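The lines below spell out each chain.
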Protein chains: 4
Amino acid sequence: MKLEIQAALEYFFPMPSDVLLQLEAAIIPEQTVESAHIAISPTDHFARVQGHDTIGERIWLRVQGQLSVDYTATVEINRLCGDISALSAVPPHLLPGETVEYLLPSRYCPSDQLLNFAEAQFGGTAGGARVAAICDWIKTHFAYMPGASNAATGALETFVMRQGVCRDFAHVMITLVRASAIPARFVSVYAPHVEPQDFHAVAEVFLGGVWHLVDATGMATSEEMAKIGVGRDAADTSFLTSYGQSQLNRQAVTVRSV
Amino acid sequence: MKLEIQAALEYFFPMPSDVLLQLEAAIIPEQTVESAHIAISPTDHFARVQGHDTIGERIWLRVQGQLSVDYTATVEINRLCGDISALSAVPPHLLPGETVEYLLPSRYCPSDQLLNFAEAQFGGTAGGARVAAICDWIKTHFAYMPGASNAATGALETFVMRQGVCRDFAHVMITLVRASAIPARFVSVYAPHVEPQDFHAVAEVFLGGVWHLVDATGMATSEEMAKIGVGRDAADTSFLTSYGQSQLNRQAVTVRSV
Amino acid sequence: MKLEIQAALEYFFPMPSDVLLQLEAAIIPEQTVESAHIAISPTDHFARVQGHDTIGERIWLRVQGQLSVDYTATVEINRLCGDISALSAVPPHLLPGETVEYLLPSRYCPSDQLLNFAEAQFGGTAGGARVAAICDWIKTHFAYMPGASNAATGALETFVMRQGVCRDFAHVMITLVRASAIPARFVSVYAPHVEPQDFHAVAEVFLGGVWHLVDATGMATSEEMAKIGVGRDAADTSFLTSYGQSQLNRQAVTVRSV
Amino acid sequence: MKLEIQAALEYFFPMPSDVLLQLEAAIIPEQTVESAHIAISPTDHFARVQGHDTIGERIWLRVQGQLSVDYTATVEINRLCGDISALSAVPPHLLPGETVEYLLPSRYCPSDQLLNFAEAQFGGTAGGARVAAICDWIKTHFAYMPGASNAATGALETFVMRQGVCRDFAHVMITLVRASAIPARFVSVYAPHVEPQDFHAVAEVFLGGVWHLVDATGMATSEEMAKIGVGRDAADTSFLTSYGQSQLNRQAVTVRSV
């Protein structure tokens, strides 16, 4: 599967501001970035640093006034995808050290609070079957509702309110998977069938010793997502974080499978 | 400064449980572990993995029934300590990639919620002077009160309640420093003058390109702390995390400077 | 059904403090207080005021040092009790004005946050059948767990954690009933089969134009509860609220059915 | 001071809905409603019930489709206003029973959480001087920022975020006054100099045995407010609460002093 990606951002910064961007498809074995181009309006500073867990890159900018970012890329997805429900979880005591952070609670995924619920609701299942049961449960019980949540909304609020957007669905998914003693992380992606077209976010779970993408909104499948970056939750994978006031003037994302 | 450390834990696990331990002084340049011994009662599994950010080690155990852990060590602290208030912050756009996670909100340190307060209260200061002002403000406005908080308490609850223990003081410190666009992380340590004697927790801030320990409780100074591990907040540095029911029977920590 | 009630409190107030007591069985038509005696150690001030919604009485005290309260009473319960599941709800637009406050969110019962859940989970039922379904759901999904909650715990935390004590069960019950557009209030009571023996708390719901007691813990039935006071939630019905530091030295409650 | 008030609402209800309105100036001694007219588009049901604490009236409607409400009134304000800072608080143990509910925590005003802060920040003051100090502190430390809060925002979130609208300012005011053991309630009002013109909300505090209006936003003075209703917080005084989906199409308020 090949994806053609276009993303455009326009922001205005009234004061000199430090800005952290992360919106380029990551260069990792499971996807081949065949071509990519990023055009950023003049800034006072531009530096690339590694993304979280060394997946993808972030760009530090120093900018005042108008900022426009245009990104285009063609990405071939080589990811092997299969039915996760038959996979086993790695018992925690055999987990590699670098997966441990994804087992622990984070800003938007306080998994320590949902241990009882996870056990009561999904206690009869384990491993991939449990992840699949959690995903089905979210699809059945949560409404996709733009505007119902905001940047401060975490998984517990979403668990209570039963509505949100892709970010919120991923947060609840990650929280319940971690509460099941299975590592789970947040992945920002490009995917073609997201409605309305925008940056997309999904969960990734560690089963059988490998990470597997899972979209609790049902809008994207694993073989058609181009990964941008990973993290513990949305706090780590925002496409733009600014230190100082900012105003968003335009944001447009188009992803086509070709 | 040399520290003699003794720590003893006794737990009971009614069911087979995965247990993650992190209580050994880390082997890092700023402290020399002259001798160390850890004795753990028989377990079904024992594996060492790296700690967060490759500082220190965690131990995965598989255990049922009684677990006793006895740790003794002698650690020479070589850390260079000075007055942090004269140090400059690294502007965000010049920060190394591996410090970025400590700039972002985490489970117990949702720094995105205290941006306005940090700017209003400490806006006239920058860099080390700002960190010092935050530390002084916490010392003045918060009461050290064992029992006033629990494992679920985060920095915002502590900010509202104005009381807590070392963990809570460190969380508020970290949250306000991150809200000031300076990386800050949580460090679990051994320190000799902690009252009552126990595991201790402090903040570490990134100033002048180097990490500096800061204890908002005022109980420990930088030159007399032996680091165990670091993380975004207490979620990453617990001395014992168990998957499954557990019962704490004994916990004793003694730290002497010799 | 007749109840013999004994309650004893001993507190210590290091400074002169205002104290609000509410622990006497209310004198209301549905229960006959055949005899009652309250003995309070000497205080600087003693005044009775009406309880919330004019049910029962509160006592204002001004006290320093030791406070002991001994209350004994014999109460005959005349309450008509039946199966609530066949009762109809009063449509909101026909509700009497004085029930409206029990339809609205309160400190521990933020019913505005559980509207979606209530509709999704209990949408097929109405009126008393809905109240019964909510009560059954709580009995099935929540664990009675002393120590799992504290004075700050509200219904949403309990909804997430799935555990608590009578107060928490009543809060979840009330929140879900209000989210179903049926008035619900919190009632502090004496009841004989509460384990361990203590003050007890239940919900009261407005069905068919009358208030009906419902105990989601299953420990007490409507015909064997002596009401103390009502309110929107636990904030309104505490047996002792003090302005100033206090120390609880003894609390003993005994209720026998005779 | 005489006020000319105009308020117009247009809503759409896709399904038959129960609607609770409260937007008429209350008929109470401190203000004379010289003339008033309310025009409501045809509804299936219309019933008046008393407002909270018997101040003002609420209207229950049953409506499907379009709802338009037009209200005009001329109100003469007779309220005696003076400097509150010289007034004494009534000691809690002397408070009348009907004021007790305004001393207790509520949905948006969890005063039990700010006791330490209130004592630390305002401990040197008492009574009216304390209320004035709280009001000044809010004016100095909080930014009036439409859009920064929503219907779920309570006083603690506002205390942390340091920004909000009139409703949020009133919630913080009430919470800190209650945490100072002085009754405080929420009042919805019409006032002429509110920018932008809209329904307005302020606090009312019980000093010297009488209720006194206080506007922490500084936009309205006591002698130029027409009271609509009172309650523990915004939950009790919403101008429109609907049970069922609703869509707001128009809301216009004009208040002129003549």
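As a reminder, the structure under discussion sits directly above these lines.
Scope of this entry: the structure provided in the associated data block. (Residues numbered from 1 in each chain as written. Chains lettered and ligands numbered in written order. Predicted model: local features only at pLDDT ≥ 70, side-chain atom pairs only at ≥ 80, totals over all residues. Heavy atoms only, no water.)

### A look at the side chain of Ser111(D)
Piece 1. In this structure, Ser111(D) sits in the loop between strand 4 (57-77) and helix 1 (115-122).
Piece 2. Excluding residues within four positions of it along the chain, Ser111(D) makes contact with Leu103(D), Leu104(D), Pro105(D), Thr175(D), Arg178(D) and Ala179(D). (Helix = DSSP H or I, 4+ residues; strand = E, 2+ residues; numbered from the N terminus. Contact = heavy atoms within 4.5 Å.)

### A closer look at the relation of the copies chain A and chain C
Superposition of the two copies of the chain requires a rotation about an axis and a shift along the axis.
Piece 1. When chain A is brought onto chain C, the operation consists of a screw motion whose angular component is 180° and whose axial shift is 0.0 Å, with 0.0 Å RMSD remaining. Overall, the copies show the geometry of a two-fold rotation axis. In terms of proximity to the rotation axis, the leading residue of chain A is Val160(A), whose C-alpha is 3.8 Å off the axis. (Least-squares fit on C-alpha atoms with pLDDT ≥ 70 in both.)

### As for helix 1 of chain D
Piece 1. Within the span of helix 1 of chain D, buried status applies to Phe117(D), Ala118(D) and Phe122(D). Taken down its axis, helix 1 of chain D places every buried residue within 100° of arc, on the same side. (Buried < 20%, exposed > 50% of the residue type's maximum accessible area, 1.4 Å probe, protein only. Arc of directions from axis to C-beta.)

### Quick notes on the interface of chain B and chain A
Piece 1. Contact residues are listed per partner, giving 34 residues for chain B and 34 residues for chain A.
Piece 2. Inspection of the region where chain B meets chain A yields 4 salt bridges.
Piece 3. The salt bridge partner of Asp112(A) is Arg107(B), with a shortest N-O separation of 2.9 Å.
Piece 4. Where chain B touches chain A, the interface holds 10 residue pairs in polar contact (both at pLDDT 80 or more).
Piece 5. Residue composition of the side of chain B that touches chain A, by class: 19 nonpolar, 7 polar and 8 charged. (Salt bridge = Lys/Arg side-chain N within 4 Å of Asp/Glu carboxyl O. Polar contact = N/O pair within 3.5 Å; in protein donor to acceptor, adjacent residues only side chain to side chain. Nonpolar A, V, L, I, M, F, W, Y, C, P; charged D, E, K, R; others polar.)

### Digging into the packing of helix 1 of chain D against helix 2 (residues 127-141) of chain D
All names here are of chain D.
Piece 1. At a closest axis distance of 11 Å, the pairing of helix 1 and helix 2 adopts a crossing angle of 100°. Between helix 1 and helix 2, the angle is such that the two are roughly perpendicular. Here Phe-117, Ala-118, Glu-119, Gln-121 and Phe-122 of helix 1 come into contact with helix 2, specifically with Arg-130, Ala-133, Ile-134 and Trp-137.
Piece 2. Among the residues forming the contact of helix 1 with helix 2, the class breakdown is 6 nonpolar, 1 polar and 2 charged. (Axes fitted to C-alpha atoms, helices over the stretch in contact; angles between N-to-C directions. Parallel < 35°, antiparallel > 145°, perpendicular 65-115°, else oblique.)

### A look at the interface of chain A and chain C
Piece 1. Taken together, the contacts link 10 residues of chain A with 10 residues of chain C.
Piece 2. Interface of chain A and chain C: buried area, both sides summed, is about 1,100 Å²; carbon and sulfur atoms make up 57% of it.
Piece 3. In this structure, the connection of chain A to chain C is made through 0 salt bridges.
Piece 4. At the junction of chain A and chain C, the tally comes to 4 residue pairs in polar contact (both at pLDDT 80 or more).
Piece 5. Elements with a minimum of two residues in the side of chain A that touches chain C: helix 1 (115-122) and helix 3 (155-161) of chain A.
Piece 6. Here the element with the most residues in the side of chain A that touches chain C is helix 3 of chain A; it accounts for 4 residues. (Buried area = accessible area lost by both parts, 1.4 Å probe.)

### Examining unusual backbone geometry
Piece 1. Residue Glu195(B) is joined to Pro196(B) through a cis peptide bond whose omega torsion reads -5°.
Piece 2. When you line up the elements, Pro196(B) lands in the loop between strand 7 (184-190) and strand 8 (200-207).
Piece 3. Phi at Ala181(C) is positive, roughly 65°, even though this residue is not glycine.
Piece 4. Residue placement: Ala181(C) occurs in the loop between helix 4 (166-178) and strand 7 (184-190).

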